[in-house]
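# Summary of the model geometry
Each chain, letter by letter, is given below.
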Amino acid sequence: MKPAPFAYQRPSDLEAALAALAARQDSASLIAGGQSLVPLLNLRMTLCDALIDLGAIAELRATRDMGARIFIGAGVTHAMIEDGLVPDASNGLMRKAAAHIAYRAVRCHGTIGGSVAMADPAADWPCVLLALGATALLRGPAGDRIVDMDALLVGTYETSLQPGEIILGFEIDRLPTSARTAYVKSNRKTGAFATSLAVAVKTDTFARVTLGAASTRARILQATSAALAAGQDLATLEPIIARDVTSIMPQPDAYLQNLHETCVRRAIAEVLA
Amino acid sequence: MGADAHSSDGWIGASLLRKEDARHLAGKAMFVADVRLPGMQDIAFARSQIAHGRLNGVSKPSGYEAQVFTIDDFSSLQVLEAGPELDAFRQSPYPALASGKVRYVGQAVAACVAPTRARAEDIADLVAIDCDELPAVVDAIAAMSPTSARLFEGWPDNAYITRTIGAGEIPLMKDAPVRLHRKFRMNRQATVSLETRGCVAYWDARLDELLVYLSTQGGHVMRLGLARALGLPENQIRVIAPDVGGGFGGKNRLLPEEIAVCAIALKVDHPVRWIEDRREHLLASVHCRDHHYDLTICAERDGTIIGIEGDVHIDAGAYALWPTGSFMEASMAAGNLPGPYRVRALNVNTYTVATNKAPMGPYRGVARPGACFAIERLVDELALHLGVEPYALRKLNLVTREEMPYTTIAGLKLDTGDYHDALDTAAKMVDIAAIRSRQSARKPGEKRIGVGFAVYTEQSGHGVVEWSKRKSRVVPGYEAANVRMLPDGSVNIHVGVQNHGQGHETTLAQIAAHELGLHPAQIKIRYGDTATTPFGFGTFASRSIVFAGGAVGTTSRKLAEKIRLIGAHLLQADPKSVHIDNGTVVSGAGSVSFSEIALAANVRQEMLPAGMEPTLEMTGTYEPKESAGVFSYGAHAVIVSVDEDTGRVEILDYAVAEDCGTMINPMIVDGQVQGGIAQGIGTGLFEEIPFDAAGQPLATTFADYIMPCATEVPSVRIAHSTTPALVTEYGVKGVGEGGAIAPPAALANAVADAFRDCKASFNETPLTPRRIWEAAQAARGTAP
Amino acid sequence: MTTLTLKVNGNDISREIEDRTSLADFLREDCGLTATHLGCEHGACGACSVLVDDRLTRSCLKFAVMCEGANVQTLEGFGTDPLMHALREAFHEAHALQCGFCTTGMLITARDLLARIPNPTEAIIRDALAGNICRCTGYAGIVHAIELAATKLAPEKA
Ligand SMILES: Cc1cc2nc3c(=O)[nH]c(=O)nc-3n(C[C@H](O)[C@H](O)[C@H](O)COP(=O)(O)OP(=O)(O)OC[C@H]3O[C@@H](n4cnc5c(N)ncnc54)[C@H](O)[C@@H]3O)c2cc1C
Ligand code: FES
Ligand code: FES
C-alpha cells in the first residue's frame, strides 16, 4: 500500500504556492495535513503528479479576532480548535465538533481548510461552517474572492474551487452569547466519519440547521431552519424535518431517513432546551 | 513433585509478570517486517479484480519481464492437496499464482519484485490480466441450486462436502409439542491480526538451505507444506517465526503468496520479502465465520429441549487452504449446536460450499461462535415463546455436575465442571431482577436496556483420536519439549508451539520452574525456529498449555529426577533421602547446587554415577491420557443499552463466570478472556466483509471494516472457578478461544431482551445499528 | 528524490529519499528504527504513532519530505523520559500487551495523553485510545496501565 510516484514542492509562502499551482495546473494537488489525501494516495485511489505542500506557509495558520467576526486560517488544525488556541465565535460549537473528528493524532495535523476542500459528504467542518454561515476566502490566479459555504460545497468530494485556487481561511460571524448551538453525530465507532451529522444554531433572530452525510454534501435544512427561527416547537417541526430530510436524500432509505430525522430532532431539542 | 494442582513453590497459579514484555516495551521486538538483510527486495502481487473468470493470459509489462513472475515461471511447483483425507471432500487445487481461472477478487495472479515495495507496486499496476468474466457465485445457499454457476468443473455441485449429522431420537422431533423455526446468520469477517502476514526468504548458500522468516502460528507444519510445494527436502528449509503479532487462526494455514515468495527466492540471488498490507489482508487473507443456520428447535411445553434439526451452510470461499481447509467448520458447527444442554436428538444437514470469495480458514473459536449464536439464540427465542426467563430455561436444560462426564448427543464428552454454577454466578454478577425493574420503569424516549446470557464450552487438548476422527491431514496429537540444563545450571527449553501473544515464555517457564525447583527467571523458553526446536504443531485450538505445558512439565520432571540422582551421588547420599529445593539437591544438612550438578553432567563426566549418560538434556513428547479433549466452559452475561432511534448499542456491563481448570497464570488467563471477548464483540457488533452481487468485497480498509477499540470494548468482570481436568498435567484446560465464542450470542440475546415487549428477533451478526433498527421495525409492523 | 534534513530522536539526519516515502517507511527502512509498526497504512490503527515536533502523528499519514526540519521522536528515542518510563512499567504490571504489535503505538499515544492531561478519567483514556487498534488484549490492561502510570506520576498528595 504505497503511493505512486509524484513530485513534491514545499513553498514557503502563498505567492510561491500559487505560482507552483499555476505552473502545474490540473496535475498538481495541494496537501495540507495530509490526513485525507495520504490514505487515498497510499491506496492509489487518488493519483497526482505533484504535491504542493502548504505546511510551511505560516500565513495559512493565521487567525484574527475582528470583534463581530473572526478569521480562521485554512491551515489551522482540528487540535488547535479543540484546544481553544484560536478565537471562537461559535459559543463552543467548533471546539466541540473538533474534538469529535477522528483521533487526536489526526486532529494534530488535519486542517479545517483541507477538510472543507476535501468535501467529504460526511465530514464535520463543512456541516458546522455551513450552520455558522461562514464564508471562505479564496485566492487564485484571478485574485481573491469570498464565497459562502453553500456556494463552495458542490457535491461528493467536489467544491467550486477553481483551478489554481487556494482556500486562505474562513470568516465567521460571532454568535451572540445568548445563541444556542448543538452538534449531534451518529457514527459506527468513536472517531469514525458520521453516518448522520446534524448541527443547529439558533439566535433570537435566526436559525440554521444543517445535515451532513445525508446527501452528496452538507445541506441546510431550509424549511426546518425557517420554522425553528419562527419559534415553532419540536412537535410542529417534526413533519417539516421529515420532509426536509427526504428532499435531500438521493434515494429513499427508511433506516437512514429515521436516523437523520433523529439526529436533527435531537439537535433541535438541544437548542430549544 | 507431580501433578498437584497448586504447587507449594507457588509457580503454578502465580500471576507472574511476563518475561516477553521488556523487548516490546523497548521497541526492540523483531517481527518479520523488521528483518533486515543485505540486498533484500520487495514483492507486490498483481491480483484479480474480478470474482470469477477464465484466465486467458497475463502480460508482463515490457522492460520488467525479469521482475514479474506468473505461474508459468514455476513449472515444478506442486499444488498441495488440502482439506480432510476424505473421498467425499472434493479437491479444489489452489495454485500459488492463479492458473486457468481466477476465483475471487484479490487472488494473486502475478508477483512483482523490485528494490522497494512502492516500485514493486508500480510494476504490479502495469501487469495486464486478461480474463473472460464468468458469473460470480456469492450466496452459499443459492450456490447449491442446480442452476448455479460452478467454481470447479467436474464437481456435481458447489459443495466441498455435504454431510448429515444425525443422532438420538430423531423421530421425536416431528411431533414435538413446541417447534420453533429460526434462521441465523453470522457474516463473513477477517481475522485481522494487527501484524499482517509476511514472509522473507532467501537461499543460504553456506547452509545450503532456504531460510524463511514467516509470520506463522506453526513453523514446522508450514515447512512440511513448503517442502512438498517446492519439491525440496525438509532439511533444506528452515522456517523462523520471529515475534508474531497475533494470529488467531489466520496464520495457521499456508497461503499461496507464501509459497510464491519462497519459489521466487529459489530463482533470484537476493533475499525477497512480502509484507501483506491491510487491504491485501482484508481482501485475500484468511476469511472466517460466514455461517448460515436454518433450524428448528423442538421442545416439551415446559421448555425441556428435545432436539434440533435443520440445515447449516458454511460459505467456505473459493479454495481449501492447506492443510485442513475449512472442513471442520461444518462438522464443528453442527456438533456444537447442542451446546452444554441435554439434547435428545440432532438432525442437521451441513453443506460446506465453494463461493467466489477468499478462502475460509480458522478464526478464534472455530465454528463455535456460530453454533453458540444459533443455540443460545434458539434458547432465548424458546423462552420468549414460552413466556419464561431465558435464565430459567437454561437452568432447566443445562447438564448438571452430577451428570459429568456427559456425552452430548453429538458425541462430545464434557468432562468436568459445574455449568449451573457458572450460569448462577454470571446471573448474580448482573442482577436480573434489578434489570427487570429498570426495564419496567423505563419512560418513552429513554434508551432500552437488556440483559443477555450465553453459555459456551471450549474443547481443548484434543489429541490423536479426535483429530484422526476428523480425518485431519495433520494430526496434532502431541507436543514436544527439549529441556536442557547448561553447565552453569541455567535452563533452555525448546518447544514446537509458537508464542504470538499467549505468554508462553512466562507460563511454560512457570511450569518448568515448578518441576525443576528453579525460579522462572532461570529458565528460557525458545520457539519459532525449525532448526532449533523439536517438531511441533504450533499454537491453535486452545492447545498449547495442555500439550506444550504437559510436554515441558513431564520432560522437566524426568530431568529433575536425573538431577536429583546426580545430586545424591555428589552428596554421597542415598537417592531416597535427597530432594530438590530451590536450585539445590538437599540431603539432611548437606546440599549441592544445580550448577555443580550441571557442571558435572556436562563437562565433568567423571563425577557422574557409574553408567549414567552425560548431559542434562531430554526431549519428550506429551499427549493427554485421553484424547477426546477437555472442556473449559463459562457463562457470559451482558447488559446493553439500545438507542432505538439510531439502533446503536452500548455495552453497559459485561460479566463472565468461567472455569478453565487449573490456571498456571491467572493474569494471563484474564488477558485471554478479555481479549477473546473483544474479538467476540467485534463479531457481534462491528466486523463484516459484505460482497456485492458481482462478488466484489465491500470492506477492504478500516474505513469500512469496523474494528472495536477502547471506546467500544468495556473492561470485563471475570469470576473464576477451578475444576481441574482429570486427564491433563496440573488439571489445565485450554483458554485461548472461549472468550470469543459467546459474545455474539450474549449480545444478540441482550438486544432481543431490550425489545422483549415487541418480540423483535436479532438473528444476524454483526448487529449493526441498521440491522437492529430494521429488526425492531419489522417486529413492530407485524406485532398485533 | 529530495534531500531530507531533520532530527530523529535527537540525531541530525540528512538523507536522499524518494518523495513518496512515508515517514513510517523512512524511519523503518532508511533509519532502521523498527519500533514504529505498520498496521494499516491508512491512518486507522495507530500502530505507527510517533511524535513530530511534539505533536502526536501517524507516521503512515505523512510523507517524510513533509517533515523537513522537524524533530521526530520514535519509541526508541525516549531515553529516560519519566512519563515513558512510568508507562512502560505500568504496561508491564497491568498486562497491557500480548503480541506487542500495537504496544509501541499505544505507548506513544498514552504518553501524549499524559503529557496533556496528567490525571485522565477512564473515559478520557478510552477516548484517547479510540483510534488505536489492539487485536489481542481487549484494552482493559492498557486502560488500567495508563491509570496506573498517572497515579504513579501524580505528585504526592499533601
Ligand atoms: C482515520 C481517520 C478518521 C477521520 N475521521 C474524520 C471525521 O470523523 N470527520 C471529519 O470531518 N474528518 C475525518 N477525517 C479527515 C480529517 O479530518 C482530515 O484531516 C481532513 O478531512 C483533511 O484535512 P487535511 O489538512 O489533512 O487535508 P489534506 O489531506 O492535506 O488534503 C485534503 C484535500 O484538501 C485539499 N486542500 C488542503 N488544503 C487546501 C487549501 N488550503 N486550499 C485548497 N485545497 C486544499 C487537498 O488538495 C486535498 O484535496 C478522518 C481522517 C482519518 C485518517
Ligand atoms: S499504520 Fe498508521 S495508523 Fe495504521
Ligand atoms: S498486543 Fe497484540 S495487538 Fe495489541
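About the cut-offs
Residues numbered from 1 in each chain as written. Chains lettered and ligands numbered in written order. Predicted model: local features only at pLDDT ≥ 70, side-chain atom pairs only at ≥ 80, totals over all residues. Heavy atoms only, no water. Pairing = 2+ DSSP bridges. Helix = DSSP H or I, 4+ residues; strand = E, 2+ residues; numbered from the N terminus. Contact = heavy atoms within 4.5 Å. Axes fitted to C-alpha atoms, helices over the stretch in contact; angles between N-to-C directions. Near = heavy atom within 4 Å. Polar contact = N/O pair within 3.5 Å; in protein donor to acceptor, adjacent residues only side chain to side chain. Areas by Shrake-Rupley, 256 points an atom, 1.4 Å probe, with all protein chains shown as cover. Nonpolar A, V, L, I, M, F, W, Y, C, P; charged D, E, K, R; others polar. Core = buried A, V, L, I, M, F, W, Y, C linked by side-chain atoms within 4.5 Å. Buried < 20%, exposed > 50% of the residue type's maximum accessible area, 1.4 Å probe, protein only. Domains from an automatic or database assignment. Buried area = accessible area lost by both parts, 1.4 Å probe. Salt bridge = Lys/Arg side-chain N within 4 Å of Asp/Glu carboxyl O. Phe/Tyr/Trp six-rings, centres within 6.5 Å; stacked < 30°, edge-to-face > 60°. pLDDT = per-residue confidence, 0-100.

A word on the sheet that holds strand β12 (residues 272–275) of chain B. Residues and elements named next belong to chain B. Across the sheet, which stays open at both edges, the 7 strands sit in the order β3-β5-β1-β12-β9-β10-β11 with mixed pairing between neighbours. Of all the strands in the sheet, just β3 (68–69) and β11 (237–240) have a single pairing partner and so form its edges. By the bridge criterion, 6 bridges tie strand β1 (residues 41–47) to strand β5 (residues 108–114) in an arrangement that is antiparallel. Bridge assignment links I43 to a residue of β5, and that residue is V113. Sitting on the sheet, helix α2 (residues 117–126) is in contact with β1, β3, β5 and β12, with an inclination near 30° to β1.

Attention now moves to the site of ligand 1. As a matter of local geometry, ligand 1 sits amid 33 residues, with L30(A), G34(A), Q35(A), T111(A) and D124(A) nearest to it. Lying at an intersection of chains, ligand 1 is approached by residues of chains A and C. Contact distances for ligand 1 include 3.4 Å between an oxygen atom and a side-chain N or O atom of S29(A). A192(A) places a polar main-chain atom, nitrogen or oxygen, 3.3 Å from an oxygen atom of ligand 1. For ligand 1, whose unbound accessible area comes to 960 Å², protein coverage reaches 93%. Going through the elements one at a time, β2 (28–31), α6 (112–118) and β10 (166–173) of chain A are the ones with two or more residues in the shell around ligand 1. Looking at side-chain class alone, the shell around ligand 1 contains 19 nonpolar, 12 polar and 2 charged residues.

Grouped burial of nonpolar side chains is what soluble globular proteins tend to show. Counting 236 residues, the largest nonpolar core has V212(B), F702(B), F755(B), F91(C) and I146(C) as the members making the most contacts within it. At 9 residues, helix α7 (residues 368–386) of chain B tops the list of elements feeding residues into this core. When residues of this core are assigned to domains, at least three map to each of domain 1 (2–77) and domain 2 (79–153) of chain C. Those residues within four positions of F702(B) in sequence are excluded, and the remaining contacts are V192(B), R278(B), L282(B), M707(B), G39(C), C40(C), H42(C), A44(C), C45(C) and I133(C). Counting 88 residues, the second largest nonpolar core, distinct from the first, contains I70(A), A74(A), I167(A) and L168(A).

What follows concerns the interface of chain C and chain B. The partner chain B presents 53 residues to the 43 residues of chain C that form the contact. On the chain C side of the interface with chain B, the three residues burying the most area are H92(C), H95(C) and R135(C), jointly 21% of the side's total. Summed over the shared surface of chain C and chain B, the number is 6 salt bridges. Ionic pairing is found between R28(C) and D34(B), a salt bridge with its closest N-O pair at 3.0 Å. For the side of chain C that touches chain B, the secondary-structure elements that each account for two or more residues are α1 (23–30), α2 (82–93), α3 (103–116) and α4 (122–128) of chain C. Among the elements that line the side of chain C that touches chain B, the one with the most residues is α2(C), at 4 residues. Its residues assigned to classes, the side of chain C that touches chain B comprises 19 nonpolar, 13 polar and 11 charged.

One pair of aromatic rings is described through two measures. These are the centre distance and the angle between the planes. Residue and element names in this part refer to chain B. Enumeration over the complete set of coordinates arrives at 18 aromatic pairs over all chains. Between the aromatic rings of Y94 and Y319, the centroid separation amounts to 4.0 Å while the plane-to-plane angle is 5°, which identifies the pairing as stacked. In this pair, Y94 sits in the loop between β3 and β4 (101–102) while Y319 sits in the loop between β14 (305–315) and α6 (327–335), placing the two residues 225 residues apart along the sequence. Each member of the pair, Y94 as well as Y319, is classed as buried. With a centroid separation of 6.0 Å and 75° between ring planes, the pair formed by F184 and F373 is classed as edge-to-face.

What follows is about the environment of I170(B). All names here are of chain B. Secondary-structure assignment places I170 in the loop between β7 (159–168) and β8 (178–190). The exposure class assigned to I170 is partly exposed, which follows from its relative accessible area of 26%. As a C-alpha pair, I170 and T768 span 598 residues in sequence and 36 Å in three-dimensional space. Not counting residues within four places of it along the chain, the set of residues in contact with I170 comprises A345, L346 and N347.

Confidence in the prediction for chain B averages 96 pLDDT; 99% of positions are at 70 or higher. Interface confidence for the predicted complex, given as ipTM, is 0.98, next to a pTM of 0.97.

Residues and elements named next belong to chain B. Spatially, the 4 strands line up as an open sheet ordered β18-β26-β27-β28, and their pairing is mixed. Strand pairing shows two members of the sheet lacking a second neighbour, β18 (448–460) and β28 (717–720), which therefore form its edges. Strand-to-strand twist across the sheet, computed as the mean angle between neighbouring axes with direction ignored, equals 20°. When β18 meets strand β26 (residues 630–643), the two strands line up antiparallel, connected through 13 bridges. Note on β26: the bridge partner recorded for Q459 is F631. This element, helix α10 (residues 432–440), spans β18, β26 and β27 (648–659) of the sheet and lies at about 150° to β18.

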